[in-house]
Amino acid sequence: METRIESDSIGKMKVPMDAYYGIQTLRAFNNFHITNKSIHPELIVSLAQIKKSAAITNRDATLLDTKIANVIISACDEIISGKFHDQFIVDSIQGGAGTSTNMNANEVIANIAIEMLGGAKGNYSIVNPNDHVNMAQSTNDVFPTAGKITILKLLPKATSELSRLYNALELKSLEFDNIIKMGRTQLQDAVPIRLGQSFHAYSSMIKRDINRLITAQKEMLTLNIGATAIGTSINASPKYLDNIISSLKKVTGFNVVQAEDLIDATQNLDGFVCVSGALKTCAVNLSKMANDLRLLSSGPRTGIGEINLPSMQNGSSIMPGKINPTIPEVVSQVAFNIIGNDFTITMAAEAGQLELNAFEPVLFYNLFESIETLKNATTTFVDNCIVGITANKERCAELLNGSIGIVTALCPHIGYKRSADIAKTALKTGVPVKVIVLREGILTPEELEEILDPISMTQVTKSSIVDKRVNVDSCAV
């Protein structure tokens, strides 16, 4: 393999001749074999967008030579379009607070620009990774800004899938609104509920999750770009500070703002914890729903069996015909992983010291994974489970009629003690509650029919369920 010699403050090193990365990238590649995964593609694009915005700002402030600025901008456009991503070789989890990834971007952009000007890769006298590409920047404002811009790109995709889930659940709540079943508390018979009400409760829960994520997403709009090393904006000109946000808005399309306190914004990562917390809450809710669906569909002959989940694949290599609830199972597994990621993110944010947090690489690795796996799990939940759920109306009626839970409705009319005695007799003898009440002459058939009317027992005082679909596009940042 042909190589070129590059040098840095540590010494000289051979770099592959055809590589667009340079010595600092290669050192990091050799040092960090952790996940064996390079940084997220959207983070690569976000870095290129920041470098492009900086070049525009420095050029317009007459701080960077126009010819050099323009080739840097063109090089960034190449990366933004999807080219040269294979040249970003540094591991996602790395020491150095993201400096290795920032320099990976600087070197790749510089070498693309050098070739555009007719030079050979590695001839940094033409375009320099630090002096030109990284002008008025530091890893400490570039890397967190890139992380936030990446989250602004990823989160809407997740909330869009959650919107689909919300709408699917709303449709199921309408479809099942006339099906009465026995509600359960602590896995014991409670009082009747409509199956549609159960699904409407799920949709209400998901709507809250969507709103939480949209709120958390807005925190990502506040950037520390311009802070440079520790928030004091050393080596950044006033013109750069005044205009970098405007340039970044135009390049990214996001309505970003510069933090009022750049020192605070450089050292504290609580905004990322907020996003992760909203993701964790959503994961908890998704897993709870998945648990419910597994229980309600259990059987199909010896369990509850009030609903049927779509049959997606064989469930056993030994038991013929067995179908397992694989989709709810994977949703719960994704939730477990997101909850674990949240702990890592929390500890990474807590571990910052004084003017900088060095642990953003592991924070971003886990946060990006949480967002994407939440999105993917929601997609399969909607398409391969929720929309195909059917109700076993007869089974719901059978369990309802065989339960003593309806005795609760008698309490206001005959008292708690008498109702409890009836429940005990029903449990002991197996005789239905209605039969006992009529046999003992406690109520007339007409009174009993009115009191134990399933619809009246499940009717809430406010207006009935309506189709309230949510569209998160209108809430886009």
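In case you missed it, the structure is sitting above this.
Residues numbered from 1 in each chain as written. Predicted model: local features only at pLDDT ≥ 70, side-chain atom pairs only at ≥ 80, totals over all residues. Heavy atoms only, no water.

Draft legend 1. Looking closely at the pairing of strand β2 (residues 12–16). Strand direction decides the pairing type here: strand β1 (residues 3–7) and β2, joined by five bridges, are antiparallel. Within β2, the position partnered with E6 by the bridge is M13. Here β1 folds back onto β2, and the loop between the two strands holds four residues, one of which, G11, carries a positive phi near 160 degrees. (Pairing = 2+ DSSP bridges. Helix = DSSP H or I, 4+ residues; strand = E, 2+ residues; numbered from the N terminus.)

Draft legend 2. Just the environment of L354, in detail. As for its placement among the helices and strands, L354 is situated in the loop between α11 (326–350) and α12 (360–384). A residue is classified by how much of its surface remains accessible, and L354, at 70% relative accessible area, is exposed. Measuring from C-alpha to C-alpha, the distance between L354 and T185 comes to 49 Å, with 169 residues separating the pair along the chain. (Buried < 20%, exposed > 50% of the residue type's maximum accessible area, 1.4 Å probe, protein only.)

Draft legend 3. Layout of the packing of aromatic side chains. With the rule as written, the count across this model stands at six aromatic pairs. Between F176 and F199, the aromatic rings sit 5.3 Å apart at their centres with planes inclined by 70 degrees, giving edge-to-face as the arrangement. Taken together, the positions of F176 in the loop between α6 (139–175) and β3 (180–185) and F199 in helix α7 (residues 195–219) put the pair 23 residues apart, joining distant regions of the chain. On the basis of relative accessibility, which here comes to 0%, the residue F199 falls in the buried class. The interplanar angle of 75 degrees and the centroid separation of 5.2 Å between the aromatic rings of F272 and F364 together place this pair among those described as edge-to-face. With F272 in helix α10 (residues 270–296) and F364 in helix α12, the pair connects residues that are 92 residues apart, well separated along the chain. Neither residue differs from the other here; F272 and F364 are each classed as buried. Put simply, the rings of F143, F272, F364 and F368 touch in pairs and so form one group of aromatic residues. Between K121 and the ring centre of Y20, over which it is positioned, the NZ or CZ distance is 4.5 Å. Here the guanidinium or amino end of K148 rests over the ring plane of F272, the centre of that ring lying 5.7 Å away. (Phe/Tyr/Trp six-rings, centres within 6.5 Å; stacked < 30°, edge-to-face > 60°. Lys NZ or Arg CZ within 6 Å of the ring centre and 35° of its normal.)

Draft legend 4. Looking closely at the packing of α11 against α12. Between α11 and α12, the shortest axis-to-axis distance is 9 Å and the interhelical angle comes to 160 degrees. Judged by the angle between their axes, α11 and α12 are roughly antiparallel. Read as a crossing pair, α11 and α12 show a hand that is left-handed. Across the interface between the two elements, I327, V330, V331, V334, N337, I338, N341, T344, I345, A348 and A349 of α11 pack against V362, L363, N366, L367, E369, S370, T373, L374, A377, T380, F381 and N384 of α12. (Axes fitted to C-alpha atoms, helices over the stretch in contact; angles between N-to-C directions. Parallel < 35°, antiparallel > 145°, perpendicular 65-115°, else oblique. Left-handed = near helix turned anticlockwise from the far one by under 90°. Contact = heavy atoms within 4.5 Å.)

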